[in-house]
Every structure is written in C-alpha cells, then in structure tokens.
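If you want the building blocks of each chain, they are given just below.
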Amino acid sequence: MTKHLITSALPYVNGLPHLGHLVGCLLPADVYARYLRQKGEEVLFICGTDEHGTPSEVGADREGMDVVDYCKKYHDLHVQMYQGFNLSFDYFGRTSSDQNKEIVYRIFKALDQNGLITERTTKQVYSPDDERYLPDSYVMGTCPHCGYDKAKGDQCEHCTKVLDPTDLIHPKSVLSGSSNIEIRETKHLFLELPKLEKELALWIETKKGLWPDIAYSIACKWLKEGLQERGITRDLKWGFSVPKDGFNDKVFYVWFDAPIGYIGITKQWADECPESRNWETWWLNAPDVRHTEFMGKDNIPFHTISFPATLKGTGEEWTQVAFLKGMNYLNYAGGKFSKSAHRGVFLDDALTEFPADYWRYWLMANAPESDDSSFSFDLFAGTVNKDLNDVLGNFINRVLKMIGNNFGNTVPSLGPVTEEEENLYAETDRLVHLYGDAMNRLEFRKAISALRELWVLGNNYIAKTEPWKVLKTNSTYGGTILNTAMNLILLYAKLSAPVMPETAAKIQALFLTNHALDWPTGTAADYLKTIRGGEPFALTEPLFKKILPEQVTELKLKYKETE
RNA sequence: CGCGGGGUAGAGCAGUCCGGUAGCUUGUCAGGCUCAUAACCUGAAGGUCGGAGGUUCAAAUCCUCCCCCCGCAACCA
C-alpha cells in the first residue's frame, strides 16, 4: 500500500512567520495530511525550521545573541505558533540537527565520490567592518547600467539587470553601511549540475501532465536554459563545516542543506522511537512512498532541479517528489507582507484576535492557487460572517434548538423517507464526491466551495421541508427531517475536520454517543443514517461569533491596513 | 523578444485544454419564511470576458499583434 510522505517547505527561522507563510505551504500541507489520515492512509508529515545562513548570523548579532541560542529561540516560537494553528506535523525539526548533518555528509561524500564536486576560485565581497563575507544582495551601490544608486549586488531593481557585486560603483555593505569593501579570492566547492542534466531531464519529462503546469514549466525553463555548476559552500561560521581537506573552515550553503533537511528531520523523528520507526523506509529504496511537497512558487526551482539532482547524483535510490503543490503569494491589502518591515498580520497576533479555525477556513477558501490573492479584514470578516456564522453555524444552531424544543435533548427517529430525502441523498453524494476529488487533486478552493455548498444544501433542505410546520401535524415526518438534519451535522463535522479541526471536534462533542470523524463511506443514503433515534446530544452555544463592523475598523487601524 | 502567472458584473473568483446565447460567491434591490446567530430560502438588476485584427455558421475559449498588473531570475514564502 502507498505511504504518503508530506513535506512543507521549511520556514526560515529568522523572524516570525505571517499569514503568507502559513497559506503558502504549511497550512495546505496540513489540510492534505489530515484529509489523507482521515481516509485511513499512512501519512508522515514532516517540517521544521531552516536555520543556517547569513540572515541568522546577522539576526543574532542584532539581538546580541549567540547564533545557536538565537535559532533555538525562534525555532521555539515557530513551534508555539504552529501548535496554535493546529498544524499536525508528525515531526517539526531543525536543519541544524545532528541528524541532518549526518545525512548532509553522507550525500556530500557520495556526490564527491561520483566526481560531481569540483573546486573553483571565486571572487567574494568581504567587509572588514562587518568581519564577514557579504552575500551578493547585502552589497549596495550604483548600478553601472542605469545609475540607480540603491542597486543590490545581485540585481538592480530599477533597470532589472542582473549584476555581480563587483560591477557596482561605490559599493557598500547593507549591514554596516561601510564602503570599506574588499574583493577576496576564495575557493569553493561546486556541484556539477550540468553532468546530471540529461538524467534530470528524462525524469522531469515523466512528470508532464502529472505535476501542475507551473511546476513543470518552471522546471523545463531551467533545463532549457542549461544548468550551471552551483556553489554549495560559503565563507560563514554558522552551518555544517565542510568535511573535505582545505575546506574545513567553510560551511555548506543553506540551500544545499535545507532540502536535505526533509530527510534529516525524518531521522530526528525516527530517533525518538528507534524500535518502531526507520527513516530509510521513507527515503531510501522506498517505491511504496509517495512524496508530496508544498511550497511557494519561488521555491519550485530548488525542488524540481537542484534538490532532485543532488539526490540523483549520489547514485542511490532516494525518494523523489511525486507531486508538487506550488502556491502563489498572499498579499496584504494591495501590498506585500513583509517580515523586515513587519507589515501584515503575523501568526502570534492572528491567534490573539480570532480562533485558528477562522483563519484556517479563510486562508484555504481563498488560497492563492492560480494567482496571487489578497488578504484584507473586510474580505476576512465577510467570509467568516457569511460562511461560518450564517450558513454553517446557524444551520447547526437552528436544528439543535428545534429538536430541543420538540424532542428534548435526544435525536428523533428516522421514519419513512420521502422524495425530499432522496433528493438530498443524491445531491449530497454529488457534492461529497466533488469535495473528495478536489482534495485528491489538491485543489483547495474547489474543495472548500463544495464543502460550503453542502452547508447551503442543509439550509435548503430545511427551508423546503419546513419541519417547524410539519411538527404541528406530523411528528413522525418532522422527526425524520430533524434526524436527517442531525446526520448532516455529523457529516459536516467529518468533512470540515481537515480544514477546521477544532470546530469539527466541537461538533463531535455535541453527540454524546461516540462518532468517529472518519471519511464517510458508502452513499449518502447509508451514512446519513448513522445517528439513530434516541441518541442524546448536548445543546451548546453557537460555534462562531460574528466579526462586527467596528471590530473591522479597529483591526484595520491596528494592523495598518491601508487602501 | 529573459521566464512564469494573471486581466471575466462594485468586490473575490470559475469557465479557456476539448468553440455552441456568460456562471458562482459576496454586495445591492424585491419577495417568501419565522425553527434559527436580523439568520435561512426564492427571484431580479448588474459584464461590449484588457485592446485590435483574423479563422469559423458560431470565439471568453483557437491564431496573430499590442496594452496593463503581479511574481521570479539561483540569499526575503
């Protein structure tokens, strides 16, 4: 049987994540993992913080901390927030772990033995005042092409020309502002991607029609342009030191060890329980594993080209990605979310404002799947009020109250069904299939829209059958309607569970008889008879609260939403 | 000619592969219902489908050219 390995792109440890990070990979991966588990599939959901590299070193300096402590601090904060959002990782690890180091070394040595690692001398910018080498984008100066004076060492934002830091006129350090800059020659190790190009191209060719168009076309684009040798080491202190003579004072480049982190973190998971877990059964010679990756669109080249090539170069049979879900970006009220400017809604704040499920639902219903999408508190409040309060919450509330008023706190029996129920069964079947198919294809907006249609269907059913009238003359059929409605509520809990786990659990708790939140099997005519007459239930407060217009106004001010 | 994505009612989107009178949600307006969180249900109004040309009996959809927005370009999801 197929085992599902699910990975979300590893969030960079530096700073706090915002809604864009959540919807870009973490949340859809979680929804998919929950959906598969619900269907009884074997799932391993892996994620963790990506920790190495210059931004961490600089961030630690800024906070006056040791980089190890700094990463630990932010790693823990990430963990806290993801728990708050109920992300159901089987393991949330770190790319700086010993386990990852072990795998990185293993892969590096295999590549080296296969003649895929070569030495080159490169020119790097060194800043004596910062006491460090500067990444290209940390060098600023005047563009030699257009004269723009804030051009960065990798590219001029004004004329869009790609630059080398050495091209810049009057270069200075972005960090210290110092123009005391040296160009130093330094030796680095390169991965010979061109030697792997053919093999990689053949493999990618097999993904045509299987991967989403964005992923496939981006991969083809890189191949078409021809792969270049790629530096995998850096002159930094924070990272895994390179286990090769003459390079021990350098570390691996973060983009080399980060994707390997998926494997390293799996080993972290396995090491917690070595008698029952084995990382190799997921990653090596494991044809029964289907690996689904979630990432923002900017990450696609790494996951379709560099990382697969790295694994192929070892000559071993590593698990390669079977399906990539690439997400576009979520914008904030017309602009970008920004970590550095702290613009937008960050996860810690989000949780203090509203329950996780409000966010989870909105983000998945508006996931940036085919295009960038935008968050604003108006849109957010509109969806929460309409979908969650009016359509779902109110349906549950009106059914529970009606039963409470007419039958006490026990579910009435199901009597003979009429054409209305038969129609309901047929329509329910159609929508449940639509929902499941969309989930299988990882089309989240479509799935959520089918889910919503199911909620509307319930209201529709009640409006047509008018149980409040029927009960006055025919309590048997009135009971049948309300029994059916109660079964719809259980169905809603099941289908909502991947997206809104807390809400699903609350609904589940209404039923004092235990009903599992598993995937409904058979047809609606079967599973809408799960709850039988006489079962007790608990009346509760409404599940959701509306977001009032004055609240929206306050939130906009508080989070600097302009426009 | 760097690459990719997008432009469809006030707003947010589907439909484009495979041509057949333009659809969904929200918002607006009218009606119904009164079990329910002023919720729910039904109906109406609202679009020259970014622009121009072409193919066709027929184009949002196929072809050509152009305009605009967004992202990426190997160190900011």
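Reading the values: the criteria
Residues numbered from 1 in each chain as written. Chains lettered and ligands numbered in written order. Predicted model: local features only at pLDDT ≥ 70, side-chain atom pairs only at ≥ 80, totals over all residues. Heavy atoms only, no water. Helix = DSSP H or I, 4+ residues; strand = E, 2+ residues; numbered from the N terminus. Rg over C-alpha atoms; globule rule 2.2 N^0.38 Å. Buried < 20%, exposed > 50% of the residue type's maximum accessible area, 1.4 Å probe, protein only. Contact = heavy atoms within 4.5 Å. Areas by Shrake-Rupley, 256 points an atom, 1.4 Å probe, with all protein chains shown as cover. Pairing = 2+ DSSP bridges. Right-handed = clockwise from strand over helix to strand, strands pointing away. Disulfide = S-S within 2.5 Å. Near = heavy atom within 4 Å. Polar contact = N/O pair within 3.5 Å; in protein donor to acceptor, adjacent residues only side chain to side chain. Nonpolar A, V, L, I, M, F, W, Y, C, P; charged D, E, K, R; others polar. Salt bridge = Lys/Arg side-chain N within 4 Å of Asp/Glu carboxyl O.

**Student:** Outline the overall build of chain A, supporting the account with residue identities and numerical values.
**Tutor:** Scanning chain A for helices and strands turns up 19 helices and 16 strands. Its C-alpha atoms give chain A a radius of gyration of 27 Å, within 12% of the compact-globule value 24 Å for 563 residues. The C-alpha extent of chain A, read off along each of the three principal axes, is 90 × 55 × 40 Å. Relative to its full complement of 563 residues, chain A shows a buried share of 55%. The long-range share in chain A, meaning contacts at least 24 apart out of those at least 6 apart in sequence, stands at 77%. On chain A, roughly 24,100 Å² of surface is accessible, and the fraction owed to carbon and sulfur atoms is 48%.

**Student:** Quick rundown of the pairing of strand β14 (residues 321–327)? Include the residues and the values.
**Tutor:** Residues in a regular strand point their side chains to alternate faces of the sheet. When you tally the buried positions in β14, you get seven out of seven residues, the bulk of the element. Relative to β14, strand β13 (residues 289–296) runs parallel, the two sharing six bridges. Bridge pairing in β14 places F294 opposite K325. With helix α9 (residues 300–313) bridging β13 and its parallel neighbour β14, the resulting β-α-β unit is right-handed.

**Student:** Describe unusual backbone geometry, naming the residues involved and giving the relevant values.
**Tutor:** At L442, a position not held by glycine, the phi torsion is positive, near 60°. Relative to the helices and strands, L442 resides in the loop between α13 (419–440) and α14 (444–465). Residue L442 is classed as buried on the basis of its relative accessible area, which comes to 1%. Phi is positive for E466, which is not a glycine, with a value near 45°. Its place among the elements puts E466 in the loop between α14 and α15 (467–473).

**Student:** Give me the state of the cysteines: which residues, what numbers.
**Tutor:** Any covalent bond linking the sulfur atoms of two cysteines counts as a disulfide. The tally for this structure, following the rule as stated, stands at zero disulfides. Here C25 stays unpaired: no disulfide links it, and the sulfur of C47, its closest cysteine neighbor, is 6.7 Å away. By relative accessible area, C25 is classed as buried at 10%.

**Student:** Got a sec to walk through the protein's contact with RNA strand B? Specific residues and values, please.
**Tutor:** Near RNA strand B, the surroundings consist of 49 residues, among which W222, Y253, N394, R398 and K401 are the closest. Per the 4 Å cut-off to the protein, sugar and phosphate atoms form 63% of the nearby atoms of RNA strand B. A distance of 3.5 Å is found between a phosphate oxygen of RNA strand B and a side-chain nitrogen or oxygen belonging to H21. Within the side chain of K401, one N or O atom sits 2.6 Å away from a phosphate oxygen of RNA strand B. Of all the secondary structure elements, the ones that give two or more residues to the surface near RNA strand B are α1 (19–38), α6 (213–225), α12 (377–407), α14 and α15. Of all the elements, α12 adds the most residues to the surface near RNA strand B, at nine residues. Across the surface near RNA strand B, the residue classes tally to 14 nonpolar, 16 polar and 19 charged.

**Student:** Report on the side chain of H78, specifying residues and quantitative values.
**Tutor:** Structurally, H78 can be placed in helix α3 (residues 67–84). Once residues lying within four places of it in the same chain are set aside, the contact partners of H78 are P11, Y12, V13, G15, P17, T49 and F92.

**Student:** Any chance you could break down the pattern of salt bridges for me, citing the residues and the numbers?
**Tutor:** Opposite charge on two side chains permits pairing when their charged atoms draw close. On inspection of all chains with the given rule, the structure shows 28 salt bridges. The salt bridge involving D30 is made with R360; its shortest N-O contact spans 2.7 Å. Taken as a pair, D30 in helix α1 and R360 in helix α11 (residues 356–365) lie far apart in primary sequence, 330 residues in all. Looking at R360, the relative accessible area reads 1%, which means it is buried. Here R430 makes a salt bridge to E453, at a shortest N to O gap of 3.8 Å. Here R430 is found in helix α13, whereas its partner E453 is found in helix α14, with 23 residues between them in sequence. Residue class for R430 comes out partly exposed when judged on its relative accessible area of 42%. When salt bridges that share partners are traced, they join D30, R34 and R360 into one network.

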